[in-house]
Amino acid sequence: MIKKIKYLALGSVMILGASCSDQLRIDERETSFEVNYFTYSRYQLTTAIVDVAKAYGKAVEDAPKGQAALYFMDCYSSDQIGSFYTTAEQNWDFQGDNAYTKQLRTLAAINKLATDEDNMANVAAADILKAVIGAYLTEKYGNIPFTEASQGRDGNLFPEFDSQQAIYENLFDLLNNAISILSNPSSKGLPPDHDVLFKGDKTKWIKFANSLKFRLIMHSYDAFKKAGKDLSGELQAIASGNSYMSTVADNASLSFSGSEERQAWYLQTKWGTGNKYTEQKPTKYLIDQMVALDDPRMYVIFAPVLSPISSKTSETTEDIKINGYTYSITYYPSTLYQPSDLEASGRDLDGRAVTVPYELDAMWFGSTNPLSVNLHYAGSGLPGANGFYDNRRITGLSKLIAEANGDNLKAVIMEADEMAFLLAEARQRGLISAGSVKEYYENGIKLSFQRWGVQDGQKPATHIGSDRIIENFNAYVEKAGVALDGTAADLDKIALQKWLSMLLTNQTEAYTDFRRTGKPAFIGKIAPSFSTYEYPQRYVYPLDEASNNRANYEAAVASQGGKDLPSAKMWILE
Amino acid sequence: MSTNRKSICFLFSIWLLWPSGGDLLAFGSRMAPNGNIAQAERTVTGKVTAEKDGTALPGVSILVKGTTNGTSTDVNGNYSIVVAEGTSQVLTFSYIGYTSQELAIGNSSVLNVSLAESTEILSEVVVTSLGMKKERRSLGYNMSTVTADEMETAGTSNALKALESKVTGVQMNSLTSSPTSSVMFNIRGASSLAGIMKGQNGNINNETQPLIVVNGIPLSSNTVGTTSGIDAGNFMTTINPNDIESISVLKGASASALYGSSAGNGVILITTKSGAGAKKGIGVSVNSAVSFDRGFSAPPVQRTFFQGGEEGEAQTADKKGLGWHIDDKVNNNTPVWRWNIGTQEWEKSVLEARGDQNPLLAFLRTGTMNDNNVAVTGNYDKGNYRVNLGNMTHNAVVPGNKTVRNTVSFDAQYKVTNNLSVSSQASYSRTFVPNQSHVYGKREDNPLAHAMSMPINMPKMSEWRNADTWLTDWNGTYQNTPYLNNPGEGRLSRVNADGFDKAIGKNGPYFAANNIIRTYAKDNVFGRVQLDWKIGQPFLFTVRSGINHENFVFERKTPWGSERVEKGGYEQEHTNNINVRSDVLLSYNKYFLDDQLSIDALGGFSYNFGESNRSRFGGNELTTPNAFNFNALPAGVRQAAEFNRNYSGRNYGAYATATFGWQNMLYLELSGRNDWVGILPHEKDNHFYPGASLSWVASETFSMGSAVNFLKLRGSYAETGYGIGRPVNLDRYGISTDTWNGVTMGSISGDLVDANINPELNVTKEIGVDFRAFNNRVTGEFTAYSKRHINQIQNLPVVGSSGFGSVLTNMGSVKSTGIEASLTVTPVRSKDWEVNVTGNVSTFKSVIEELDSRFDEKFYSYQGSALLPLFQGSQVGDLYASDPISYIKTGKYKGMMLMGIEGIVEEAVTTTDHIRNNGYLGNMNPKAIMGFNVDTKYKNWRFNVVTSLRVGGVFISETQKIMIDDGMADIKKIYGDKYDEYWTGGRFAGGLPSMPNPDDMFTGEGFEEYREKMQNFMPLYNGDPRYFGYWNGVFIDPNYGDQSNMTQEEKLSLPDEAYIKNGEDPLMTNYLHPYHMEGQELWSGAQFRTHDATSFKIKEINITYYFNRSVVEKLRLQDVYITAFAKNVMFWAKNRMNEDPENAFYDGISGMGVAQFGLPPIRTMGLKLGFNF
């Protein structure tokens, strides 16, 4: 019997030993993987602000957008015009992110967590950011899934597309609700450290929400009016309420720390190949406008041609300083080149075949032609050329733009200068009665100068050799091409200045603004002049919707003209 | 780690404790000091014969009644048993098909017995799930058992290989033809949709591998794994076949229902040998086998064309055989530089034929296997033990490839009291593979590809073999190969600034085999302890626990000077995993109502624990030659090293089963198991798996006359599952590793889970009949089954606007149906002769029965330019061509191929509908597998033959593609009749009689592209028409309308005038030179290289001679036998590539059904000698 017990004990001990040996592991997993282990909305708020702003601002390196706004041509993406706008992406694209699975999911988390915590100001901030995304997507694609979106957890795997009108109404609701929460002095949330946009300043969030609402009403004003709804009262309320972005300090733009690639400005050259910095070349049309006005921003944003073909007889190099940055310019004698190397064949904006001769010793010389930008003027094989991602015969970006961070280099969602131009436009069109057009307009120009660090003062004879760019603001606004004269052409001038102010800061809005206003008119000519395609009015829907949400996709396409084409006009553009 | 050790320590400490107990061990007390058997025993001998004709009965089991002391008769019917002193003992003689007899021993020392044939039913006892012993007659499901007697495992290291064509309802695929390879084992059809969705990264059959259970301990699934492309073995390759007593296959789910969530794919039950049935006292048995392997079938290679580039130029650096005919003195007249590997000097001469007729077979050596085993057994009143030492050494047919396996196993049982017994088992197995080559694909390190694509102007294999693999004075740095570039230059001048030597065209086959090394070692420790306690009739209490620990270490060493890896590479991987399985069972066995009702019941609880860890690093570019270590790798490679310690998993199960028998003729078995899986509260889930079966022994109910000895009808139903804890449908919030300007950010994770997800189950129904007739001379069984693998759980893509990329949901079901039948006839049974002939057949069909309509039908891209279909009605294993040949649909050219300027594939229609209607290639699994076996005994001789026929199915030969691209395929031989259907001319058909001047061709407007092409191509090979041919197809007149507005499909139904028929007008014919006709074109056309997979094999022929007892006794031995065996004696396949479809894999385990080199069929012959004393 003793033996029996001995064996029984032995066997039991063994089984128990094996059974209990993983207890430690279980505890370890409990602490690292428990559901809702961390439920503070503030951490998600930082993520949301960073993810929304960083993605929105990424339009600065988006080649199709840079071209659609006629700011840049791209060296690398040759043959751009057709394929840029007709090729469907795999997924919804919020400047490289699928906003539905990324940003909107984070925003929904803030909504849920902050509501539980009663930090309603965080909910308001999340709703404002949600409006940014909703507006971006609907202005890019037209009808999109919005009210039913991101509800997979609740079982809705096939969201319906909302009409653009319904989406806009929804966006206004989100913003109104956010403003009312933030206006309540007892609303909690927005911890200064985690609110990396406005340091917890609720008034700045309110200004942001009002400005954004103003932007969206301006986008949709005509469409709503056609649908029987006049929103001018809303515009007037904002304009006279003075709670909108009016100084550079109000700008909704995220600063970069520049401490690592992930936290650095988009076009920096500190990490990576630097190709994004060199491959975008300003268009001739942009440079022509800036040269004509001797625009101070040109000296901040662009560098002179680094390898001009020259009338000089030998290869010479000189250093010049602009805005505190020194550039080494190498002049290549034109005798090194065939006559055919010195001209680029292309088309003018009316589609006529032309050859554009190189301007010898060019300093500010934009790209004429969207095709094969890297090969213009003596190919890549001849001295001075810099290969696939660069063409040093054409003006490039300044060294400021190559920095990893700085006061002028931000991920912009919306800035005060845009708001000023919106007010000018609204006032000019008689949609609001507060203020004067001239005041708004000139303020917009000045705000843009300020945000680029241009100083008001005595303008030097030349900016070559300068440590800072100084402009006489009042003199600039008095220039013939700038000053308003009370005619209908004032709207064109407002549009042109707005276009110049949104270079690098908000190229998404510049593209939308052109589609809405058709101004500046020359922008729209570039696409048809080089292809059989019309100017792209929208992006085609992602393949993901066409294959995985077919019925709703087809209904959305049917309600927008029957074909999923870039030329289809969305509701606000009809 | 420490927890693993703790568990192992427990086991070892038990074994260590054991002998120290002194009197606990049977042999400790029973052995006299001189080793003789104690005096208190005596030996009884005798002969057992059949009452009817007096023939000797071998294998009759003899038991001293009331003890476990037993033996069995030898082939001559003789037995010898040691019994205790005393006259009251009784011997029981029992034999299948005969009535058992009991005889009192009394004082006799010789007891001869004749047994009467039984018209009674069988009382064969089989081991079923959880190690339960049941009468076979009571089973309501099909269970196949193969015993050690029926398995000739010599010449192979994997016991599963000896089961083929002996077990029905099973499809086996050896990973390679090597005798040491792993075997995939699919019971009743592959049924996993996950395998289809994994596309080219998956293997549909490997997804549904059965559970391996050793002596009641569930160990692991039979899933086959590869590391770095080589077969790294699984549990079955580590277990010594000589330790196996029997293997049973639980096919129906009701048989495996008691294993619950881990037995959805069936169970392989292994019972190992013990000392129980052994000779009384100490016994020693030794067996030793030696065998020889030889590759005997290889794809046909062309031996008539020299090396040449894609444009017909002479070449020696690359290996394409697209050059001139060996008799062509016109083109081949300029000497070319060549490196002589023997003398290591540059030479210059015109090309001449030198190589072997079949370079692959010339490259492969004769493999040898030595397998030696010594077993010591002890069998005593109070217990028994068995210790076995085994060593297997295999030198593979690929030079330099080797496997060594050493095993130690120990098994002991001890009866503590009449009511309490303890048994334990321990085994250790070490498999060491000093080198195993990666034998798939056109890879630089595949020696087979290098051998098979050896051009005729290259040296014979004997020269390669004798040449140094390294250049003199550059050992470990520069390879000696005739594929050297840059003739005449100093060696070092060819190394570029980064140290990369681009001078090597190709690896030599011996270099690839001997110098690129893949090594692994696998250690397996298995232990089991079991305690059986008869608490009191009718209860039996059992506690059982088993542990298996596996440690695996892998290394790859690629030296400097290798093709494409000029600076070598190094790789290491370590994995270890541990599984602990414990059960507590209570069983109950009692008769009621005057023994009319029997109840055999069991209930229990099991606990499983498992954990696995893995770490690896590896990459290319070593700092210095032969520096095979971590530090010699570039920083990037070192940083990418992985160290994965996985969290443990465990589950609990409670189960119960009861068999109710009525009058020994009607049996109802009910079983159920509930499993709890998951560790965390939200993961916790439980599933119930029920099973039921019914069997009726009709021959017991009705008298069926003497013709029918036994007839049983059976049916069963069961549900088994796949263990998946219910994942939670919630977002999980956490702290991100990213910060923004130092501010902590949040993160969200958590996958989307369908709220209504159901457990994935296998629902099996089967019906069957078993019978024995004509004095048991005809026995057979028939089973029809349907297995529905339902609610398959998969992550399916959902639209991004739902907020998620995919959802975990039930996607559908696969229904497998088939029959299993076998019939054994004994036409001769006499005193000297016994002949048994068995035929069996199994059929398989697995159809996608249901698919969630939300996820539409899809094709998944697969290896070999094929697609796997996922739509309702398609079969698991179906293959479709991604670029089917386009045939004209209307008009006078109807049925002709449409070609473009580049050939046929260019014009393929690749819309889903078109592929579905026109691209079907076949199924990678056979429709049916048949076995036909003959087992003959004559006096002391035994002779048996095992054959296997696989019917139906297809495979795609990428081997063919590569050989064609290399210009090495004898294309006319491979294509057969199809050749003339596809082409006119071509170099293998003697080319064309003449060709026009290229300047006169395609002169019309619109044909500019054709004309330019012809002007470029026609002068190649000096315009010699013997090298040219053209497709028998039509092309579209470029002047016929704007083709850019036509869909590919519309191009197939144009009016007749739109087409121009190739060859009709020599000036309007699209000619092709060898590379364009054979190589480039066939690169992506799966339909050109899909072959019927029907094949027939003589798997085994064995001849055994048992020495006469008189001779044996003179040698003081118990018995001696010698067996001559041959495996894979003959192989016939319907395909002209001579490839074995059973081993068709793309790379290691991936891409089943797509052959890409791999070892050719191998024949094994050998001798085995065994003796017991």
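Located above this text is the structure these notes cover.
So, how was this worked out
- Residues numbered from 1 in each chain as written.
- Chains lettered and ligands numbered in written order.
- Predicted model: local features only at pLDDT ≥ 70, side-chain atom pairs only at ≥ 80, totals over all residues.
- Heavy atoms only, no water.
- Helix = DSSP H or I, 4+ residues; strand = E, 2+ residues; numbered from the N terminus.
- Rg over C-alpha atoms; globule rule 2.2 N^0.38 Å.
- Buried < 20%, exposed > 50% of the residue type's maximum accessible area, 1.4 Å probe, protein only.
- Areas by Shrake-Rupley, 256 points an atom, 1.4 Å probe, with all protein chains shown as cover.
- Lys, Arg positive; Asp, Glu negative; His and termini not counted.
- Charge placed at Lys NZ, Arg CZ, Asp CG, Glu CD.
- Pairing = 2+ DSSP bridges.
- Axes fitted to C-alpha atoms, helices over the stretch in contact; angles between N-to-C directions.
- Parallel < 35°, antiparallel > 145°, perpendicular 65-115°, else oblique.
- Left-handed = near helix turned anticlockwise from the far one by under 90°.
- Contact = heavy atoms within 4.5 Å.
- Nonpolar A, V, L, I, M, F, W, Y, C, P; charged D, E, K, R; others polar.
- Core = buried A, V, L, I, M, F, W, Y, C linked by side-chain atoms within 4.5 Å.
- Patch = residues over 30% accessible without salt bridge, like charges linked within 9 Å, V, L, I, M, F, W, Y side chains within 5 Å.
- Salt bridge = Lys/Arg side-chain N within 4 Å of Asp/Glu carboxyl O.
- Polar contact = N/O pair within 3.5 Å; in protein donor to acceptor, adjacent residues only side chain to side chain.

1. Quick word on the overall build of chain B
If you tally the helices and strands in chain B, you get 18 helices and 59 strands. Over its C-alpha atoms chain B spans a radius of gyration of 34 Å, differing by no more than 12% from the 32 Å that the globule rule assigns to 1173 residues. If one aligns the C-alpha atoms of chain B with their principal axes, the spans along those axes are about 110 × 80 × 70 Å. Counting every position in chain B, which comprises 1173 residues, the buried fraction comes to 59%. Taken as a whole, chain B presents about 43600 Å² of accessible surface, with 53% of it coming from carbon and sulfur. One finds the centroid of the 105 positive side-chain charges in chain B at a distance of 8 Å from the centroid of its 117 negative side-chain charges.

2. Details of the pairing of strand β36 (residues 743–749) of chain B
All names here are of chain B. Taken together, the six bridges between strand β35 (residues 732–740) and β36 define a ladder with antiparallel strand orientation. By the bridge assignment, Y733 is partnered in β36 with I748. Remark: two residues form the turn of the hairpin made by β35 and β36, two consecutive strands paired antiparallel; N741 in that turn has positive phi of roughly 55°.

3. As for the sheet that holds strand β5 (residues 90–94) of chain B
Residues and elements named next belong to chain B. An order of β3-β2-β5-β6 is seen for the four strands of this open sheet, with the pairing classed as antiparallel. Taken across any chain shown, the strands that pair with only one partner, and hence form the sheet edges, are β3 (70–72) and β6 (101–104). Neighbouring strand axes in the sheet, compared pairwise and without regard to direction, differ in orientation by 20° on average. With four bridges joining them, strand β2 (residues 61–64) and β5 adopt antiparallel strand pairing. Paired with S61 across the bridge in β5 is S94.

4. Quick notes on the packing of helix α6 (residues 103–117) of chain A against helix α7 (residues 120–141) of chain A
Residues and elements named next belong to chain A. Two elements in contact, α6 and α7, have axes whose closest approach is 8 Å; the angle formed by their N-to-C orientations is 160°. In this view, α6 runs roughly antiparallel relative to α7, as classed from their interaxial angle. The way α6 lies across α7 gives a crossing that is left-handed. In this structure, α6 uses Q103, L104, L107, I110, N111, A114 and T115 to contact α7, whose residues at the interface are M120, N122, V123, A126, D127, L129, K130 and I133. Looking at the contact of α6 with α7 residue by residue, the class counts come to nine nonpolar, four polar and two charged.

5. Focus: helix α18 (residues 507–517) of chain A
Residues and elements named next belong to chain A. Of all 11 residues in α18, 10 are buried, a share of seventy percent or more. Residues of α18 that are buried include every one of Q507, T508, E509, A510, Y511, T512, D513, F514, R515 and R516, and no others. A positive backbone phi angle near 70° is found at G518, which sits one or two residues after α18.

6. Some thoughts on the packing of helix α8 (residues 164–183) of chain A against helix α9 (residues 202–226) of chain A
All names here are of chain A. Packing of α8 against α9 leaves a shortest axis separation of 10 Å and a crossing angle of 160°. If you check the angle between α8 and α9, you find them roughly antiparallel. Crossing geometry of α8 relative to α9 is assigned as left-handed. Note on element contacts: α9 touches α8 through K202, W205, I206, A209, N210, L212, K213, L216, I217, H219, S220 and F224, opposite Q165, Y168, E169, L171, F172, L175, N176, I179, L182 and S183. Class assignment of the residues belonging to the contact of α8 with α9 gives a composition of 13 nonpolar, six polar and three charged.

7. Points about the sheet that holds strand β5 (residues 309–310) of chain A
Taken together, three strands build an open sheet; the order of strands is β5-β7-β6 (chain A) and the sheet is mixed. Among the strands making up the open sheet, the edge pair consists of β5 and β6 (316–322) of chain A.

8. Regarding unusual backbone geometry
In the segment running from K519 of chain A into P520 of chain A, the intervening peptide bond is cis, with an omega of -15°. Residue position: P520 of chain A is located in the loop between α18 and α19 (526–530). Although it is not a glycine, L190 of chain A adopts a positive phi angle of roughly 50°. Relative to the elements of secondary structure, L190 of chain A occurs in the loop between α8 and α9. Its relative accessible area of 2% is what places L190 of chain A among the buried residues. The backbone of N775 of chain B sits at a positive phi, close to 55°, despite the residue not being glycine. Here N775 of chain B lies in the loop between β38 (761–773) and β39 (778–797). Residue N775 of chain B is classed as partly exposed on the basis of its relative accessible area of 33%.

9. Regarding the nonpolar core
With 164 residues, the main nonpolar core has W205, F208, F302 and W499 of chain A as its most contacted residues. Of all the elements, α7 of chain A adds the most residues to this core, at 14 residues. If you look at the next biggest cluster of nonpolar residues, it comprises 105 residues, including L322, W324, V814 and M963 of chain B.

10. Describing a nonpolar patch on the surface
Residue and element names in this part refer to chain B. On the surface, a cluster of nonpolar side chains totalling about 580 Å² of accessible area is made up of L593, F660, W662, L666, L668, L670 and L694. Of all the secondary structure elements, the ones that give two or more residues to the nonpolar patch are β31 (649–662) and β32 (666–677). For L694, the position within the fold is in strand β33 (residues 685–697).

11. Details of the environment of Y100 of chain A
For Y100 of chain A, the position within the fold is in the loop between α5 (80–86) and α6. Residue classification places Y100 of chain A among the buried residues on the basis of a relative accessible area of 0%. It is 29 Å that separates the C-alpha atoms of Y100 of chain A and T203 of chain A, two residues lying 103 residues apart in sequence. Residues in contact with Y100 of chain A, not counting those within four places in the same chain, are W92, R105, L137, I144, P145, A149 and S150 of chain A together with G800, S801 and G803 of chain B. A distance of 2.7 Å separates a polar atom in the side chain of Y100 of chain A from the backbone oxygen of P145 of chain A.

12. Examining the pattern of salt bridges
All names here are of chain A. Per the counting criterion, the structure on display carries 74 salt bridges over all chains. Here D250 and K207 are joined by a salt bridge, their closest N and O atoms 3.3 Å apart. In this pair, D250 is assigned in the loop between α10 (232–241) and β2 (252–255) and K207 in helix α9, connecting sequence segments 43 residues apart. Side by side, D250 and K207 carry an identical accessibility label, which is buried.

13. Overview of the side chain of D544 of chain A
Here D544 of chain A shows up in helix α20 (residues 543–548). For the buried D544 of chain A, no salt bridge exists, and the shortest N-O distance to an oppositely charged side chain is 8.7 Å, to K858 of chain B. A polar side-chain atom of D544 of chain A sits 2.7 Å from the main-chain amide nitrogen of G800 of chain B. What D544 of chain A contacts, discounting residues up to four positions off in sequence, is Q90, N91 and N549 of chain A together with V798, V799 and G800 of chain B.

14. Side note on the side chain of D162 of chain A
Residues and elements named next belong to chain A. Note that D162 resides in the loop between α7 and α8. No salt bridge is formed by the buried D162; its nearest oppositely charged neighbour, K130, is found at 9.2 Å. Among the polar contacts made by the side chain of D162, one reaches the main-chain amide nitrogen of F146 at a distance of 2.9 Å. A polar side-chain atom of D162 sits 2.6 Å from the main-chain amide nitrogen of T147.

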